[in-house]
Every structure is written in C-alpha cells, then in structure tokens.
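Here is what each chain is made of, one letter per residue.
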Amino acid sequence: MARKVSVVPHTHWDREWYAPFPALRQRLVELLDDLLPRLDADPGYARFLLDGQMAMVDDYLEVRPEAVASLRRLAASGRVSVGPWYVLMDEFATSGETIVRNLQLGMQRAAEFGGPMRVGYLPDMFGHVAQMPQLLAAAGMEHAVVWRGVPAAVTRSAFWWQAPDGSKVRAEYLPTGYGNGAATPPDASGLIRRLVAHQVEIGALLAGDTDPILWMNGTDHQAPQEWLARVVADTNASQDDFELVISSLAEHLATAPTDGLPTWAGELRSGARANILMGVLSNRVDVRAAAAGAERALERRAEPLGALWLEAHQWPGALLAIAWRNVIHNSAHDSICACSADEVGLAVRHRFAEATATADAMTGRALGAAGAAMAGAGPVVINASQRARSGVVELVLAGDTVPEGTQELDRVAESATEVTGTGSELGRLLGRLTADGWLPPTGAPTGAVVDGTGAGVVLELVADRRLEGAAPEVGAEMAEALALAGGRRDGPLTVRVRRPASVRVAARALDVPGYGWAAWTTRPLDTEAVRGGTGGGQGTGGGRDPGGGRGTGGGRDPSGRGAWLDNGLVRLSVDGGDGTFAIDDLGGLDRLVDGGDEGDTYNYSPPGSDTVVSSPEEVEADVVESGPVRGRLAVRRRYRWPSHVCDGARAGTAEVDVRTDLELRAGERLVRVTTSFDNRCRDHRLRAVFPLPERATSSVAECAFATVTRGLHGEGGAHERALATFPSRRFVSAGGLTVTHEGLLEYEVVDGGSALALTLLRATGFLSRPAPAYRPNAAGPYLALEGPQMLGPVRVRYALAVGDVDPYALADQAWLPLDVVDAPGGGTLEAAGSHLGVGGAEVSALYRNAGALELRVFNPSAETTTVEIAGRSGWLIDLRGLPLAPFDGAFELRPWGIATARLDP
C-alpha cells in the first residue's frame, strides 16, 4: 500500500526580519506577481498556502490593488489558502487579547476572500501557550499545525493537544519543520530519494504505513517552484511506494488519522526536538516594555473607559482599528521578539508609540466625558478596573492649604507677573513666559481676557494648573489678541499672568467601585501612615540569601547608610552595605547580578571565561518622600562591570551607576521598584535576584488567559541546551513571593529553589551567531547589530509582594492607575457609582462592537465559577461572533474557561 504524501506548496513569510519591511515587501510583490499568473496557467499547480496570515495579502494589495479580483477568485476556489491569522505572532511576548484580535482580524479579512483556512497554522512560533487549543476551538477550528516546543513525550507525528479547560484540537506535528519539502528536486528520482530519506528520518513518529506524510514545499521567503506539478506527476508514474497529491493543509487534515494518538495537556515549551529560542524573551527589553504599555493603554484603559463613558456614536472605532493593527503587526514573532535588523526595532517602537498615543487620546476624551457627567464639582476618581479599589492618587487643589490625610508634593503660591513689549513681540513674550514657568509647557493659558480699547493692547492670562486644557473661549480670546497685536505691530503691548495658589498632594482614594467613580473628599487617613528615615534603620532581614546563607539580621544597619520606610503593613529597609532591601525579615532582595553573554538575540550563552559581578563598589540610600501617604527611597549603587566580551572572556571595565527607586504606599503591601542606569557595557546580562521566603519546587506564571505551573528544569535537546528561563506575561509567584513587571518577560527560579531571578537586561551584538555554546546551530543570518546592545539609558519597572496575594489584583494595583478628573459640576451623576458590575472572573476586554458592549472574561482557576454581570442580559458568543447561549445577569464558566458576552442595550 502506497503511503500518501500531501504536498503543500507554500512560502513562510516573515514580514520584517533580517531586513526591514519595505525591502521584504519588494520580494513579496515579486513572488505574488509570479504566483498568481502561474496558478492560472498551470491547473496542475493546484494549491498554494499564503503562510496562514492575511498581512501578506494586504501588504501586496497596497502595492497591486488591481490584483484583488484575481486573489479573491483564487482564494474562493480553494487554489490559494488565506488566514486564519493576520500575522504569525509570538504567543508568549504578546497578551492574550492581542492573540485574539490578531485571529479575529485575520478571519474578518479572509472572509472577504471567500473565508479563512480552518486550521490553526502555527509553524514557527517560539513555543505555544497552554490556552491555544481553546482559542482555536472558539474560532471553529479542530486542527493545529505546530513545530517548535513539542516535548519528547509525544511519540507520534500527531497528537491531541488539550487546553487547561479541556478543549482539544488535533495537532499535526512538523518533526523537521515547515520546510521539509523545500527545494523539491525537479526530477522524480531525486524526489523519491528525498522522500525515502525523510521517511527514515521521522519513521519512529509514524504508525506503520498508515500515517501520511505532510510534505511542506516551501520555506522562508521561497518563491513557488515551477516544476512542482510535473515532478509530482512523474513521481507517481514511476513508483508505487508513495502516492503524492498536491493538497491544502485543510484537505490533508480532513482525512488524517486520529486513532491511538497521544494527548498532551498545556503549553508547548520543550527544546527536545527543535530549539524554541528562549532568549528572545530577554533581548531588547525596551521593545517588551513598549509592548506592555501599548497593550495596557488599549485593553485596560482606552477601550473600557471609552465603552463606558462615551456614547455609542462617539466610539472611535476606525482610530482604534488603526492602533490595534499597529500592535498586531508588532506581534509578528520576529518583530515582537526583536530578533531582527536594527531598522525593524525602530519601526516596532514607532508603531507601539503610535498605538499608545491613540489610546491615550481616547482615554483623555473618555475621562473628560466622565468629569462632565458629574453633578457635583471637584475631584472625582475614575476606576478602569472591574474590581473595587482603594489607592493613592495625585490631586492638584486650589489654595495653599494641605487637606487632612494628604501629603504635600509641591505648591504654587498666588503670584503674578507682567511683561511688556510691542505688538510684533507677542509670540516672543508668550514664549518667554512659558520658558520661565508662568505658562504651562503647551503655552496655553486656562483663562484669557484681551483689551484693545486703549492706546495699547493688554492681555490678561490665568494659568491655573488644576485645569488640564483651555476652555473654548480661551482660544477665541487668544485669537483676538493675536489679531489686535498684529494690527498694532509697533504699539505697546502688556501681557499679565496671574497664577492662582495651588497644592499638589498625594491622597488615598477609598472604595472606588469597579468600572465606576467616586468623588474625592477630605478625610483623615484611613490606614497607618507611611514613615521613613535614613541611618539607624533596619538592615537586611533574616531571609535566606541566594547563596544559601542568612541575611545580616534584623538589627540596625552597621554602616549607618541605610534607609527605611514603614506603613504598618510592610517594613522596607535598604542595606547600606550592598544596596539590597528587605521586606520585613526577608533580606537580600534585588541583588543585581551581572554576567557576560556571548549569545545572540535568540539565545543567552555565557562566555567560556565569565566574570560575574554581584557586589557594588559604593552604595548611597536616601529618603525622597517620607509619607504619610507615600514613601520613596532612592538607592544608588556604583558597579564596575566588564565592558565587553573578547575572545571568549569578559574584558575591560566600565563604571556604571545604578539608581533604584523604591516606593511604598499607605494601605499597600506592594513594593514598587524602578531601576535605571546608563548602560555602557556590551555583551552582558543583568538580573535582579530575590531570595524566597520558602524554598520553591515550582513557579506559577501568567500566560495568555491562564497561569501555568512549571518545575525548576526545562527540557532541551541536541538543538538547544535545556534552561529553566521561562516567560511570564505580567507576574510570577514562587515560594511565597510574587513579582509583577512591565515587560520583563524572563524569569528563573535559581539556587535550588531558594531565589527568583528576573532578567532586567540582556545585551548582545548579533542577530544570530553560527553556533553559540548553548545552541550549536544558526537561528538566522550572522548579522552584527547595535540596537540589541541596549547602549544608553535603560529604565525598567517591577514590583513585589510577600505572602498570599491575588496576583491579578496585584498587577492591576501596580500598573493600572486610578484616574482623577476635576469635575466642573452640572451633570447628572451622583458622587459614587458604577457603570458595569462584573464579578467571578477576570476581564480581558471591554469594548464596543457595532454599537453593542462586548465583554471577554476568563476563569483563572481550577474551579467552576459564576460570572455575574449585574443587571445585564445578552448572549455568549464565540470568537467569530456567532451566538452560543443567552444569559440573564449571570452564567457559569468552566475551570480555565474563556467566554465572550455581547450585552443587550
């Protein structure tokens, strides 16, 4: 019986990688200019797969719009497979919501070309998240195609892949990658030799003669082979061992065997058979921080605030679609993973900046609407989170009195100034007033009156820093002033500025409802005040240090150079000897460990002769704010780090001053950390090490729509050394410590489970090296780069809490601020309330779709939960928007389940 061989012609298309997007798009245009007429001319060339991503189609049609009819005809007839993704993203470096929007955009665009390929094609991602089977099933798919990450425990060329909620898809495994049929020989004898060799190569994964072979005829940026149809026909005619069919992936999988397949549950992160290139998570931390900021700005602020506070007709859907497309473009695995040319890194940062700016503008508009809706005047705190929250906010208040229960940050006294000149000098005078601090940086006052009735022009301005923007009448007055001054260019001009007294304070906002608001009023501090001091403070505590020893004890810091903060819940103290800090009696936290890195953007690999630096030469610790609402410490550590790697050893010396800002707020156990320095060194890795309260045997980290529990060891193979450096989306917990971060995706439980290491920086100078020590093969072109060396200012943010905490609430507390608006009064809303109550699950997204509110939630636990949406009814829908079941006020959600609800008006 002949073994079936499904020949799938394709090209794997990295939109940007070793060259920037414009250069690779030129090659894409040339490829499709050749492919489309070839398909029309050669019916035997029956199928072609456009890599499962619609961005290829859009990028091509932007240059060749006249080809849209041809592409639609070929796709609708099944000759060309399009979608289901928009781009082939990385699953660990992007949020779950970005993965969903990518899939939805890909399916929507593919629907305009006859419909998407109903296969979860995942050919080159650097591992796969545990919830991917559930997402594919929710989009109507029964199959996935994967390469990297499949563990040694899977012993067949296909397996059932199960998500934490129990959803399953049949996963077709590509044992040798997506290019096993690349460069198919033009003659039958050559092709037969290749097939026989491949059959031997993967024979252990095949079930006798029954399993078909998937022959992926293509690889990176490969053009179609014109002889394919002929050589397939010749091969079938010249032998009986193989039956070759030019096929689509969907056609191959429709008849693929399912009997006796093994099952794998959870994420695919093994390097047993193919490298997963785990170091992509720690290079270019600036890119990952920008990604975290853009995703948060869209998912957690702009969309929910806009959906709740703006009228349906005010929803800026087109602008948000552009912002999301920027984020989705960046989620492509070579883009977000920064294993790309320097020009690509710049483009990625720019797209994130544009998406963030769009989101911030929408957030500002929504907050303005919130302020206008309030009946009473004064500060109002707005909560963009589903959970009721208390927390610290900053307020600018009129007058010079610091209210009870607040902390003065700065003040502006009642004052005035006057400058004179001629009408032609109005612009210069306004610029001078701005430079001197009398007008805000925008130069726009908050009030203006112009008088041109006398011999000269008099412009009286008010600069009240409580008001964010000028009222419409201010613009009219300023325009009149410009006109009058212009008409009297040589006449006298007087500009007076009055600056009302104001104080900026830190204050506790209490019990702000989820997705709601609460007016701020003066009241005594509801919790113990923050206190702080220097010298004589508590030294590092009795926690175990990463080397297995004890800290310096709970007594006074013998150096006298330490500093401390205490809020009654947490005592935070800095050791003046080494600059680490303690939370209560857990000492040695935030020990900075710098070592060499002779790897590349894909993999960490230490030099053969490494020099590891973990002790500073000098330490200074000062109190920046001592309470009562917020305390801040500044820790300065001076290190001597080797400046580069040369001939397999670290060499040179650079002095580097590292500043660590520690923040403790009233009523919180969370310690916020900001570390910044001017990176003057190449080829190195910097990690922050945190001793654990208890020795850990595992870690729990956030991934898309779930948490994943991992042991202390990874699985490697011949292609990549096993390392236990793992990804976390926003937080990781181990041994009683939880660390949440802004884009610092790589962590490792070290020293036998006694400490957690968080990678703050990994600097390298090559896209790919031919054979670094930890990956004895090339992962890409041998291309020297400057961007990944991260030379210059580096600033990273993370936070930590000791004990039993809700890590999702902790991440919101750290990264999702409570907003404050200054309501003018005259609206209809009372002093406190909520627009939407959601309980029982975590919210991933809240947005408008075709005018209706849609809400995506997930259950991050192993127990069934009841999702309550107070007073609202609607339909549960799948990721295609198809209705599943109605609900009224609540619905049940299975363990680890994901659900999307469309709310009735």
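In the block above lies the structure referred to throughout.
Analysis parameters
Residues numbered from 1 in each chain as written. Predicted model: local features only at pLDDT ≥ 70, side-chain atom pairs only at ≥ 80, totals over all residues. Heavy atoms only, no water. Phe/Tyr/Trp six-rings, centres within 6.5 Å; stacked < 30°, edge-to-face > 60°. Helix = DSSP H or I, 4+ residues; strand = E, 2+ residues; numbered from the N terminus. Buried < 20%, exposed > 50% of the residue type's maximum accessible area, 1.4 Å probe, protein only. Lys NZ or Arg CZ within 6 Å of the ring centre and 35° of its normal. Contact = heavy atoms within 4.5 Å. Polar contact = N/O pair within 3.5 Å; in protein donor to acceptor, adjacent residues only side chain to side chain. Axes fitted to C-alpha atoms, helices over the stretch in contact; angles between N-to-C directions. Parallel < 35°, antiparallel > 145°, perpendicular 65-115°, else oblique. Nonpolar A, V, L, I, M, F, W, Y, C, P; charged D, E, K, R; others polar. Pairing = 2+ DSSP bridges. Core = buried A, V, L, I, M, F, W, Y, C linked by side-chain atoms within 4.5 Å. Left-handed = near helix turned anticlockwise from the far one by under 90°. Salt bridge = Lys/Arg side-chain N within 4 Å of Asp/Glu carboxyl O.

### Observations concerning the packing of aromatic side chains
In this description, an aromatic ring pair is defined by two values, namely the gap between the centres and the angle between the planes. Taken as a whole and assessed by the stated rule, the structure comprises 14 aromatic pairs. Taken together, a centroid distance of 6.3 Å and an interplanar angle of 50 degrees make the contact between phenylalanine 726 and tyrosine 747 tilted. Here the residue phenylalanine 726 occupies a position in strand β35 (residues 726-727), and tyrosine 747 occupies one in strand β38 (residues 746-750), the gap between them amounting to 21 residues. We note that phenylalanine 726, like tyrosine 747, is buried. Ring centres of tyrosine 808 and phenylalanine 858 lie 5.8 Å apart, and the angle between their planes is 65 degrees; on these two criteria the pair is classed as edge-to-face. Of this pair, tyrosine 808 sits in helix α15 (residues 807-815) while phenylalanine 858 sits in strand β45 (residues 852-858), and the two are 50 residues apart along the sequence. Take tyrosine 808 and phenylalanine 858: they sit in the same class, and that class is buried. An aromatic cluster is present here, built from Phe705, Phe731, Tyr808 and Phe858 joined pairwise through their rings. Between arginine 101 and the ring centre of tyrosine 847, over which it is positioned, the NZ or CZ distance is 4.6 Å. The aromatic ring of phenylalanine 92 is capped on one face by arginine 269, whose charged end is 4.9 Å from the ring centroid.

### Let's talk about the environment of arginine 25
Locating arginine 25 in the fold gives a position in helix α1 (residues 21-41). Counting along the chain gives 31 residues from arginine 25 to methionine 56, while the straight-line C-alpha distance between them is 8.7 Å. Leaving out residues up to four positions away in the same chain, arginine 25 has contacts with Asp59, Glu62 and Val63. Side-chain polar atoms of arginine 25 contact the backbone oxygen of aspartate 59, separated by 3.1 Å.

### Some details on the packing of helix α6 (residues 188-201) against helix α7 (residues 228-238)
Taken N-terminus to C-terminus, the directions of α6 and α7 make an angle of 75 degrees; their axes are 9 Å apart at the nearest point. Put simply, α6 runs roughly perpendicular to α7. Facing Ala188, Leu191 and Ile192 of α6, the residues of α7 in contact are Val231, Asp234, Thr235 and Ser238. Here the contact of α6 with α7 is composed, by residue class, of 4 nonpolar, 2 polar and 1 charged.

### Notes on the pairing of strand β33 (residues 699-703)
Along β33, 4 of the 5 residues are buried, which leaves the element largely enclosed by surrounding structure. Bridging between β33 and strand β34 (residues 706-710) involves 5 bridges; their strand directions are antiparallel. Its bridge partner being in β34, glutamate 702 is matched across the sheet by threonine 707. Where β33 folds back onto β34 in an antiparallel hairpin, the turn is made up of 2 residues, including phenylalanine 705, whose phi is positive at roughly 60 degrees.

### With respect to the nonpolar core
If you look at the biggest cluster of nonpolar residues, it comprises 111 residues, and the most contacted ones within it are Trp161, Trp309, Ile382 and Val857. Per-element accounting of this core gives the leading share, 11 residues, to helix α9 (residues 285-309). Contacts of valine 857, omitting those with residues within four sequence positions, involve Val838, Ala841, Glu842, Val843, Ser844, Val867, Phe891, Leu893, Gly897, Ile898 and Ala899. Among the nonpolar cores identified, the runner-up in size contains 53 residues, and Phe581, Val613, Val635 and Leu760 belong to it.

### Some thoughts on the sheet that holds strand β13 (residues 406-412)
Through backbone hydrogen bonds, the strands of a sheet pair up, either in parallel or in antiparallel fashion. Reading across the sheet, the 3 strands line up as β12-β18-β13 and stay open at both edges, with antiparallel pairing between neighbours. A strand with exactly one partner marks an edge of an open sheet, and here the two such strands are β12 (389-398) and β13. If you compare each strand with its neighbour and ignore which way they point, the axes differ by 30 degrees on average.

### Some thoughts on the packing of helix α10 (residues 317-330) against helix α12 (residues 342-372)
Relative to each other, α10 and α12 sit at 150 degrees, their axes nearing to 9 Å. As the angle between them shows, α10 and α12 are arranged roughly antiparallel. Of the two possible hands of crossing, α10 and α12 adopt the one that is left-handed. Between α10, through Leu319, Leu320, Ala323, Asn326, Val327, His329 and Asn330, and α12, the contact on the second element is made entirely by Val348, Arg351, Phe352, Glu354, Ala355, Thr358 and Met362. The residue inventory of the contact of α10 with α12, partitioned by class, reads 8 nonpolar, 4 polar and 2 charged.

### Side note on the pattern of salt bridges
Inspection of the entire model under this criterion finds 64 salt bridges. Its salt-bridge partner being arginine 672, residue glutamate 668 comes within 2.7 Å of it at the nearest N-O pair. Across the pair, arginine 672 and glutamate 668 agree in class, each one buried. Via salt bridges that share partners, Glu394, Asp410, Arg465, Arg504, Glu625, Arg630, Arg632, Glu663 and Arg665 belong to a single interconnected network.

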